[in-house]
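# Fold and geometry: a report
Each chain, letter by letter, is given below.
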There are 2 protein chains.
Amino acid sequence: MNNFEFQAPTKLIFGADTISKVKDEIPKDKKILMTYGGGSIRKNGVYKQVMEALSEHTVLEFGGIEPNPKFETLMQAVEIVKKENIDFLLSVGGGSTLDGTKFIAAAAKYEGDPWEILLNGGAKIKDAIPLGDIITLPATGSEMNNGAVISKLETKEKLAFHSNFIYPKFSIIDPKTTFSLPEKQTVNGIVDTFVHTMEQYATYDVNTPLQDEWMLGLIKTLMTEAKKVLHNPNDYEARANVFWCATCGLNYWMSLGCVQDWSTHMIGHELTALYGIDHGESLAVVLTRVWKNRKNDKMNKLAKMAVEVFGANDFLPKNILADITIKKTKKFFESLGRRTKLSDYGIDKIEAAKLISERFKERNCTLGEKSNITPDEVYKILMDC
Amino acid sequence: MNNFEFQAPTKLIFGADTISKVKDEIPKDKKILMTYGGGSIRKNGVYKQVMEALSEHTVLEFGGIEPNPKFETLMQAVEIVKKENIDFLLSVGGGSTLDGTKFIAAAAKYEGDPWEILLNGGAKIKDAIPLGDIITLPATGSEMNNGAVISKLETKEKLAFHSNFIYPKFSIIDPKTTFSLPEKQTVNGIVDTFVHTMEQYATYDVNTPLQDEWMLGLIKTLMTEAKKVLHNPNDYEARANVFWCATCGLNYWMSLGCVQDWSTHMIGHELTALYGIDHGESLAVVLTRVWKNRKNDKMNKLAKMAVEVFGANDFLPKNILADITIKKTKKFFESLGRRTKLSDYGIDKIEAAKLISERFKERNCTLGEKSNITPDEVYKILMDC
C-alpha cells in the first residue's frame, strides 16, 4: 500500500425526505445564491421544497447551468456573486450544476483570469465562497469530493481542477429525487460510477486487498442495483443503493493508498469537448479500449475482477481472465443500452484520433498510472474505438 | 437503507516513516500534553521520533495510562491540563491511551462531575481540548471516530461515550510501529476489528448491499492478512493492511444506513470490568454466543456471510448456513490462539451470568439491534460461554 493523507470535511445527509434539513445547514445571516440547471428541479418538486425550507433566508437564483458546465455561463454567476455580495452558494441539481458552483465559488475569490484555475488544476486557489448542495443525480460523486470539471465553449476545452477550498460544507441526497430522471441520465450516471471505480481499481497492483474488495464490491452492487432501477424507476431501495454507489465511487474512501489511472476520463473529456457527446457515453466508448491497450500493465487487476465480479474460473490464464473482464464490461454497458463505438455517435474515429492525440502532444501530456500512454498510444486507442 | 447523517473531520496520515509529520499538525504556540501508556513507546523508538519532531514545541508528558484506561488515572491528567493551561493533547500509543486522552480532553472542559460524561454517554459535552494522535495498535479504530471507553476502578464499571468534540484533529499511523507488538496484542487487535465489523454487519437486513460487500470484504481481507502478520511480524504490507482494516472497522464508513448491534461489546465490557480479561478475549468469548442466542434475528446476514466469506454452498438452508458462520468464526478465533470459553480464563460462568445480568437489570438495560436481549437473555448467553 502506498502512503497517503486524507481529510474530507463534508457533512452528508442521506435519505428520503431530507431536503428540508437544508435550512439548518446555512446560517440565517448568509446571502445565498442558489444555482441550478435547465429547470428540472421545478418539475420534480425539488425547487419548491428548497424554497419552502429557506423561507427565512435571503435567496437569489442563478439558473441555466448546462451539462458540462461552461466557463462563459459560470462567469455570469461570478459577476452576480461579486455585485450582490453573496456569501453562500447552494447548488441544487446534478453534478454539472455542482461542479459549476464549485468553480463559481473559487473564481469569485480568485485574483487574475479565472480560466487559470483550470490551467493550473486548482493549485493556486487560496479561498472560495462556502458552498453546499442538494444533489439529485447519482453520477459524479462531486457531493463528497474536492474536484470539478469545467468546459470552455470558445476553445472547446474540458478541464478538471481540485482544491480543498471547494469541498461542500454539506450535501443532501434524497434518492426520491431520482425517480423522475430520464433513463438516459440514469444510465450515464451508472456508467460514470462504474468508470470512476475502475479508474481507481484497474491499475498495477500495490498490495491493497481491502481497497480491491471495496471497489469490486461496489461494482457488483452497482450491476445488480442498476438492473432494478431500470426495471422499476420508483424502486426507492435500489435508487438509494445506486446513489450510495455513486457517492462512494468518488469520495476517495475506496482507493486510499492505491495507484490511479484516469486516462479514460482524460480522453473522454476531449470527445465531449470536441463532439458534444455525453460524459457517460464517452466513458463507455473509451474504457475497454484503454484496457486493451494497457492489458499487460493492468493484467493482475483485470484478471482478479474476472473471478470476483464475473464468476470466471481462477484456473484460467490471467491473459484470458483479463479478456473476460474487457468483454463483460463492454457487454454490461451495452446491456444498459449504452453504445460503445464512436461511429454509433456519428464520430469519425480517424478524425477524432488525429485531433485528440495532437491536443495531448501540444500539451506535452502522457496519461495513465504509469504515464506511458503517449499521444501516439491515444491515437491507437481512439482508432480502436 | 436507513436515513443517515455523517461528518468526520479527522485528518489521516498513513504510511511508513510518517511520524515526523506531527510537527506540522500542531501549531507552534500550543502547549502540548503528550499522553502515553506503559512505556513501550520508549522501547520501539516512537517516543524518540515524536520528541525530535516536536523539538520546537512545548511538550509536557503524562505516562502510565493503562489498558482499559481508568477514570482515576485520567483525572490526574485532567488536573495537570488545568494547572498547566494545556491547550493541545497528543496521544502516543494504542487505543487505550487514545480513549483515555479523549476523556481527558472532554473532562478538562466539563462543568460538574466528569464521571457524568460516561453516565450520559457524552451527550452533555459542550467543548473539549483539541487532540491528535500517533496510533500504534490496530484495534479500536478510535483514531477516526468520536467514541471512547473508560473504566472506573472503584465501582468496576466500563462505559462508553461519544461526542463530535473528541474527534482527533489528526491521526498518524505508521504500520512499522506494530512490528514489535507482542503477539497477544496483535491477536487482540485482530479480534477487536473482526467484532467491530460484525457488530455493524450481523443484524437484521435493511437492504444495504454495498455496505455488506464492504464489511464482508474487510473480514476476508483481515483473515488473510492476519495469518501473514502472525507468520512474519515484520511483513510491512500485511501490517499496513491489518491496520487499515482496523481503522476502517470503526470509522463508520462501512455501515452508514445500516442497523447496529453492539451487545457483544456491552457484555464483554462487563467481563473486563469485573474479571480484568482483555477486551479482545472477552469479545472472542461472547460474539458467537450472542449469535446463537439471536440466530433467528440475524439469520439472513449470517447465512450470507457463510457463502461470501466461508465459501459455503448457497443451496444449503439458511439455518445451516448461519451455523456454519458461527462455527467458522469460533474456529478463526481459535486459529489465532484466542480461547473462547469463560473457563479458559478462570471465570466461573454461573457467577458471571448472575452478576452481569443483574447489572443490566439494575440499569434497566436491554441490548441488541432489536433491544430484545433482556437481562434474562444475557444470563443465558453467559451460561453458554
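Residues numbered from 1 in each chain as written. Chains lettered and ligands numbered in written order. Predicted model: local features only at pLDDT ≥ 70, side-chain atom pairs only at ≥ 80, totals over all residues. Heavy atoms only, no water.

Along its length, chain A carries 15 helices and nine strands. Radius of gyration (C-alpha) of chain A: 20 Å, near the 21 Å computed for a compact globule of 385 residues. Along the longest, intermediate and shortest principal axes, the C-alpha atoms of chain A span 65 × 45 × 45 Å. Long-range pairs, those at least 24 residues apart, make up 77% of the contacts in chain A between residues at least 6 apart in sequence. A total accessible area of about 14500 Å² is found for chain A, and carbon and sulfur atoms account for 49% of it. (Helix = DSSP H or I, 4+ residues; strand = E, 2+ residues; numbered from the N terminus. Rg over C-alpha atoms; globule rule 2.2 N^0.38 Å. Contact = heavy atoms within 4.5 Å. Areas by Shrake-Rupley, 256 points an atom, 1.4 Å probe, with all protein chains shown as cover.)

This part covers the environment of Asp212 of chain A. Residue and element names in this part refer to chain A. Its place among the elements puts Asp212 in helix 8 (residues 209-231). Spatially, the C-alpha atom of Asp212 lies 9.5 Å from that of Ala202, the residues being ten residues apart in sequence. Residues contacting Asp212, with those up to four places away along its chain left out, are Tyr201, Lys301 and Lys304.

Looking now at the sheet that holds strand 2 (residues 11-14) of chain B. What the seven strands build is an open sheet, ordered 1(A)-2(B)-9(B)-6(B)-5(B)-3(B)-4(B); its pairing is mixed. Since the sheet does not close on itself, it has two edges, and those belong to strand 1 (4-6) of chain A together with strand 4 (58-62) of chain B, each with one partner. Taken over all neighbouring pairs, the strand axes of this sheet differ in orientation by 15 degrees on average, direction set aside. Running at roughly 165 degrees to strand 2 of chain B, helix 9 (residues 236-249) of chain B makes contact with strand 1 of chain A together with strand 2, strand 6 (131-135) and strand 9 (170-173) of chain B of the sheet. (Pairing = 2+ DSSP bridges. Axes fitted to C-alpha atoms, helices over the stretch in contact; angles between N-to-C directions.)

Here we come to the sheet that holds strand 6 (residues 131-135) of chain A. Across the sheet, which stays open at both edges, the seven strands sit in the order 4(A)-3(A)-5(A)-6(A)-9(A)-2(A)-1(B) with mixed pairing between neighbours. The strands lining the two open edges of the sheet, one partner per strand, are strand 4 (58-62) of chain A together with strand 1 (4-6) of chain B. On average, each strand axis in the sheet is tilted by 15 degrees relative to the strand beside it, whichever way the strands run. As judged from the four bridges shared by strand 3 (residues 31-35) of chain A and strand 5 (residues 88-93) of chain A, these two strands associate in the parallel manner. Residue pairing for strand 5 of chain A: Thr35 of chain A is matched across the bridge by Ser91 of chain A. Sitting on the sheet, helix 9 (residues 236-249) of chain A is in contact with strand 2 (11-14), strand 6 and strand 9 (170-173) of chain A together with strand 1 of chain B, with an inclination near 165 degrees to strand 2 of chain A.

Tallying the contact residues gives 42 residues for chain A and 42 residues for chain B. When chain A packs against chain B, close to 3600 Å² is buried across both sides, 56% of that on carbon and sulfur atoms. At the surface where chain A touches chain B, the tally comes to six salt bridges. Inspection of the chain A/chain B interface yields 15 residue pairs in polar contact (both at pLDDT 80 or more). Broken down by secondary-structure element, the contributors of at least two residues to the side of chain A that touches chain B are strand 1, strand 2, helix 8 and helix 9 of chain A. For the side of chain A that touches chain B, the element with the highest residue contribution is helix 8 of chain A, accounting for ten residues. Class assignment for the residues of the side of chain A that touches chain B results in 23 nonpolar, eleven polar and eight charged. Bridge count between strand 1 of chain A and strand 2 of chain B: three bridges; the pairing is antiparallel. Bridge pairing in strand 2 of chain B links Phe6 of chain A to Leu12 of chain B. (Buried area = accessible area lost by both parts, 1.4 Å probe. Salt bridge = Lys/Arg side-chain N within 4 Å of Asp/Glu carboxyl O. Polar contact = N/O pair within 3.5 Å; in protein donor to acceptor, adjacent residues only side chain to side chain. Nonpolar A, V, L, I, M, F, W, Y, C, P; charged D, E, K, R; others polar.)

A few words now on the relation of the copies chain A and chain B. Of the transformation superimposing chain A on chain B, the axial component is 0.0 Å and the angular component is 180 degrees, with the fit at an RMSD of 0.0 Å. A rotation of that kind, with that shift, is consistent with a two-fold axis. When the interface residues of chain A are mapped onto chain B, 100% of them again fall at the interface, so both copies present the same face. (Least-squares fit on C-alpha atoms with pLDDT ≥ 70 in both.)

The residue Asn241 of chain B is located in helix 9 in this model. Within the local environment of Asn241 of chain B, its side chain forms a polar contact with the side chain of Glu225 of chain B, the two groups lying 3.2 Å apart. Beyond its immediate sequence surroundings of up to four residues, Asn241 of chain B is in contact with Met1, Asn207, Thr208 and Pro209 of chain A together with Glu225 of chain B.

All names here are of chain A. One non-glycine residue, Asn207, lies in positive phi territory at about 65 degrees. Along the chain, Asn207 falls in the loop between helix 7 (183-201) and helix 8. In this model, Trp262 sits at a positive phi of 75 degrees, which is unusual for a non-glycine residue. Structurally, the position occupied by Trp262 is in the loop between helix 9 and helix 10 (263-275).

Attention shifts here to the packing of helix 10 of chain A against helix 11 (residues 279-293) of chain A. Residues and elements named next belong to chain A. The N-to-C vectors of helix 10 and helix 11 enclose an angle of 135 degrees; their axes lie 8 Å apart at closest approach. Taken together, the axis directions place helix 10 and helix 11 in an arrangement best described as oblique. Our pair here, helix 10 against helix 11, has a crossing hand that is right-handed. Here helix 10 contributes Ser263, Thr264, His265, Ile267, Gly268, His269, Leu271 and Thr272 to the contact with helix 11, which in turn contributes His279, Ser282, Leu283, Val286, Leu287 and Val290. (Parallel < 35°, antiparallel > 145°, perpendicular 65-115°, else oblique. Left-handed = near helix turned anticlockwise from the far one by under 90°.)

All right, on to the environment of Asn85 of chain B then. Residue and element names in this part refer to chain B. Inspection of the secondary structure assignment puts Asn85 in the loop between helix 4 (71-83) and strand 5 (88-93). Assessed through its relative accessible area of 60%, Asn85 is described here as exposed. When the C-alpha positions of Asn85 and Ile32 are compared, they lie 9.3 Å apart, and in sequence the two are 53 residues distant. Excluding residues within four positions of it along the chain, Asn85 makes contact with Lys31 and Ile80. (Buried < 20%, exposed > 50% of the residue type's maximum accessible area, 1.4 Å probe, protein only.)

Another aspect to go through is the packing of aromatic side chains. The tally for this structure, following the rule as stated, stands at 28 aromatic pairs over all chains. When the centroid spacing of 4.5 Å and the interplanar angle of 5 degrees are considered together, the rings of Trp214 of chain A and Trp214 of chain B count as stacked. Here Trp214 of chain B lies in helix 8 (residues 209-231) and Trp214 of chain A lies in helix 8, a pairing that spans two chains. For the residue pair Trp214 of chain A and Trp214 of chain B, the accessibility class agrees, reading buried in each case. With a centroid separation of 5.5 Å and 80 degrees between ring planes, the pair formed by Trp253 of chain A and Phe6 of chain B is classed as edge-to-face. Of this pair, Trp253 of chain A sits in the loop between helix 9 and helix 10 while Phe6 of chain B sits in strand 1, which puts the two residues in different chains. The same class applies to Trp253 of chain A as to Phe6 of chain B, namely buried. Among the aromatic residues, those joined into a ring-pair cluster are Phe4, Phe6, Phe14, Trp244 and Trp253 of chain A together with Phe4, Phe6, Phe14, Trp244 and Trp253 of chain B. (Phe/Tyr/Trp six-rings, centres within 6.5 Å; stacked < 30°, edge-to-face > 60°.)

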